Amino acid sequence: MFSSRTNWPLGPNRLSLEIEELRRQGVPLLDLTESNPTRCGFAFDRQGIFEALANSHALSYTPDPRGLLSARQAVAGYYAERGITLDAAQIFLTTSTSEAYSYIFRLLADPGDAILVPQPSYPLFDFLAGLNDIRVIAYPLFYDHGWQIDLPALRKRLEARARAILVVHPNNPTGSFVRREELGELLAFCQRRDMALVADEVFADYSLAADSQRVVSHAAATEALTFTLSGLSKISALPQMKVAWAVVNGPAQLLRDALARLEIIADTYLSLSAPLALALPKLLETRRALQPQILERVRSNLQLLDARLRANQPINRLEVEGGWYAILRLPSIRTDEDWAIELARQDGVLVHPGHFFDFSSEGHLVISLMTERAVFEEGLRRILARVAHCV
Ligand SMILES: Cc1ncc(COP(=O)(O)O)c(C=O)c1O
């Protein structure tokens, strides 16, 4: 009856069974994985958001495959503030970055082709690739006083059917940005092998400190065909609005061809609704009041974490440059999943095991720095007590 691409293991894993059971028993849980920004106690401009959604122009239908021009101009304005000049024709609006990924995979890859994705990274790539009948080849990031792309390993994994290299900037959950010299190498690989670069920049505005070695945005790259993805889910902390985009750039002829083909893909779906497209400029503006609140939360949770992790603790945290997460390194006397289950069962604390993000070794837990302060503080206290008790 069903396609083989949907032959996923559908049963819950051990950790979700445990959490389900604890919830059934009514056990209060401290959720240190909370990263839904609408549940983290931030002050949104409610009135402004409602007004933006009540635009009478939404009563007429003026389809455009790329999405409403005024909305794309607002997105171009966002990049102009970063010193990057774009033509609105280089921008395609979608309802999520997931949808943008699908458009791009359909544009670049035939069934059985491959994309290279960082490891560890965002867990959705396997699904997005599988749904588009393409394969994922993981390339490693390695940790040495900070995360870096293992370029020699990436080079070795390039194969004839690799169609694109994907980067996440900053990566989820490592919080590491792509450096200029890494980008130079990646673009050279892409040029030489007729591959595209796909950069997911949804967390790009959440940098904890300036670094001149860092790529500002991949949207400016013209050496190879480049797709840069972002959207309101992280920029304005409005995931429920379902507004995202892809910016296309590259050598002139390739860019023209890519835009023409992408236009037909986008025209087939005409995804973004008129009310959201009309609201986009205002919703994008709300980031100016939201991002400082989020950065303040992330910074203060990180400070608290550092204050609690004394040098001789059996637990430490990895360097983080940006994004919404911290990675705890703890003794691999149990698997990450066993640590997460024990913390849930014994202490009522929820954390992500590292394998959720495909870490190549045990000993990593991921926690959200978006968690409200009191929950974060108490959850952290219990994690430290549990680890101290176990070693
Ligand atoms: C790296 C990365 N890309 C994209 C998204 C989601 O974006 P969207 O809501 O636009 O699909 C997330 C959400 O956590 C993410 O971590």
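Everything below is about the structure shown above.
A brief report on the enclosed structure follows. (Residues numbered from 1 in each chain as written. Predicted model: local features only at pLDDT ≥ 70, side-chain atom pairs only at ≥ 80, totals over all residues. Heavy atoms only, no water.)

What follows is about the overall build of the protein. A tally of helices and strands in the protein yields 13 helices and 14 strands. A globule of 391 residues ought to have a C-alpha radius of gyration of about 21 Å, and the protein, at 21 Å, matches this closely. Summarising its shape, the C-alpha atoms of the protein cover approximately 60 × 55 × 55 Å along the three principal directions. With 391 residues in all, the protein has 54% of them scored as buried. The long-range share in the protein, meaning contacts at least 24 apart out of those at least 6 apart in sequence, stands at 75%. (Helix = DSSP H or I, 4+ residues; strand = E, 2+ residues; numbered from the N terminus. Rg over C-alpha atoms; globule rule 2.2 N^0.38 Å. Buried < 20%, exposed > 50% of the residue type's maximum accessible area, 1.4 Å probe, protein only. Contact = heavy atoms within 4.5 Å.)

The next thing to look at is the packing of aromatic side chains. Counting across every chain of the model gives 13 aromatic pairs. For the ring pair tyrosine 206 and tryptophan 324, a centre distance of 5.4 Å and an interplane angle of 75° mean the geometry is edge-to-face. Of this pair, tyrosine 206 sits in the loop between strand E7 (196-200) and strand E8 (226-231) while tryptophan 324 sits in the loop between strand E10 (316-317) and strand E11 (325-329), and the two are 118 residues apart along the sequence. By relative accessible area, which is 1% here, tyrosine 206 ends up buried. Residue classification places tryptophan 324 among the buried positions, given a relative accessible area of 0%. Each residue in the set Tyr101, Phe105, Tyr122 and Phe125 is aromatic and connected to the rest through ring pairs, giving one cluster. (Phe/Tyr/Trp six-rings, centres within 6.5 Å; stacked < 30°, edge-to-face > 60°.)

Together, Arg155, Lys156, Arg157, Arg192 and Arg193 give the surface a local cluster of positive charge. For the positive patch, the elements supplying multiple residues, two or more each, are helix H6 (151-157) and helix H7 (180-193). In terms of residue count, the dominant contributor to the positive patch is H6 (3 residues). With respect to the element layout, arginine 193 can be found in helix H7. (Patch = residues over 30% accessible without salt bridge, like charges linked within 9 Å, V, L, I, M, F, W, Y side chains within 5 Å. Areas by Shrake-Rupley, 256 points an atom, 1.4 Å probe, with all protein chains shown as cover. Salt bridge = Lys/Arg side-chain N within 4 Å of Asp/Glu carboxyl O. Lys, Arg positive; Asp, Glu negative; His and termini not counted. Charge placed at Lys NZ, Arg CZ, Asp CG, Glu CD.)

Lining the immediate surroundings of the ligand are Ser96, Thr97, Ser98, Tyr122, Val168, Asn172, Asp200, Val202, Phe203, Ser233 and Lys234. A distance of 2.7 Å is found between an oxygen atom of the ligand and a side-chain nitrogen or oxygen belonging to asparagine 172. The fraction of the free accessible surface of the ligand (400 Å²) that becomes covered by protein chains is 87%. Those elements that provide at least two residues to the shell around the ligand are helix H4 (97-108) and helix H8 (232-235). Residue composition of the shell around the ligand, grouped by class: 4 nonpolar, 5 polar and 2 charged. (Near = heavy atom within 4 Å. Polar contact = N/O pair within 3.5 Å; in protein donor to acceptor, adjacent residues only side chain to side chain. Nonpolar A, V, L, I, M, F, W, Y, C, P; charged D, E, K, R; others polar.)

With that settled, consider the sheet that holds strand E14 (residues 364-368). Taken together, the 4 strands give an open sheet; going across it, the order is E10-E11-E14-E13, and neighbouring strands pair in antiparallel fashion. The open sheet is flanked by E10 and strand E13 (352-353), the only strands paired with a single partner. Direction of pairing for E13 relative to E14: antiparallel, over a ladder of 2 bridges. By the bridge assignment for E14, histidine 352 is matched with valine 366. (Pairing = 2+ DSSP bridges.)

Before going further, it helps to examine the side chain of histidine 352. When you line up the elements, histidine 352 lands in strand E13. Histidine 352 sits in the buried class, given a relative accessible area of 18%.

With that settled, consider unusual backbone geometry. With an omega dihedral of 0°, the bond running from histidine 169 to proline 170 counts as a cis peptide bond. By secondary structure assignment, the location of proline 170 is in the loop between strand E6 (162-168) and H7. Of note, the amide linkage connecting asparagine 172 to proline 173 takes the cis form, showing an omega dihedral of 15°. Assignment of secondary structure puts proline 173 in the loop between E6 and H7. Despite not being glycine, leucine 270 has its phi angle at roughly 40°, a positive value. Its location among the elements puts leucine 270 in the loop between helix H9 (252-269) and helix H10 (274-285). For leucine 270, a relative accessible area of 28% puts it in the partly exposed group.

Here helix H11 (residues 287-308) crosses helix H13 (residues 373-390) at 25°, and the two axes come no closer than 11 Å. It follows from the interaxial angle that H11 and H13 lie roughly parallel. Seen along the crossing, H11 lies across H13 with a hand that is right-handed. For the pair formed by H11 and H13, the contact residues are Ser300, Asn301, Leu304, Leu305 and Arg308 on the first element and Arg373, Phe376, Glu377, Leu380 and Leu384 on the second. For the contact of H11 with H13, the residue count by class is 5 nonpolar, 2 polar and 3 charged. (Axes fitted to C-alpha atoms, helices over the stretch in contact; angles between N-to-C directions. Parallel < 35°, antiparallel > 145°, perpendicular 65-115°, else oblique. Left-handed = near helix turned anticlockwise from the far one by under 90°.)

The next thing to look at is the sheet that holds strand E5 (residues 147-149). Across a sheet, strands are paired by hydrogen bonds formed along the backbone, either parallel or antiparallel in direction. Taken in spatial order, the 8 strands make up an open sheet running E2-E9-E8-E7-E6-E3-E4-E5, and their pairing is mixed. Strand pairing shows two members of the sheet lacking a second neighbour, strand E2 (91-94) and E5, which therefore form its edges. With direction set aside, neighbouring strand axes in the sheet form an average angle of 25°. Of the strand pairs in this sheet, E8 and strand E9 (residues 244-249) are connected by 6 bridges, and their pairing is antiparallel.

Turning to the pairing of strand E3 (residues 114-119), a few remarks are in order. Buried residues dominate E3, accounting for 6 of its 6 residues. In E3, alternate side chains face the same way, and those of Ala114, Leu116 and Pro118 on one face and Ile115, Val117 and Gln119 on the other are all buried. With 6 bridges joining them, E3 and strand E4 (residues 135-143) adopt parallel strand pairing. Bridged to leucine 116 within E4 is isoleucine 137. Where E3 and E6 come together, 3 bridges link them in parallel fashion. Considered in E6, the bridge of isoleucine 115 is made with alanine 164.

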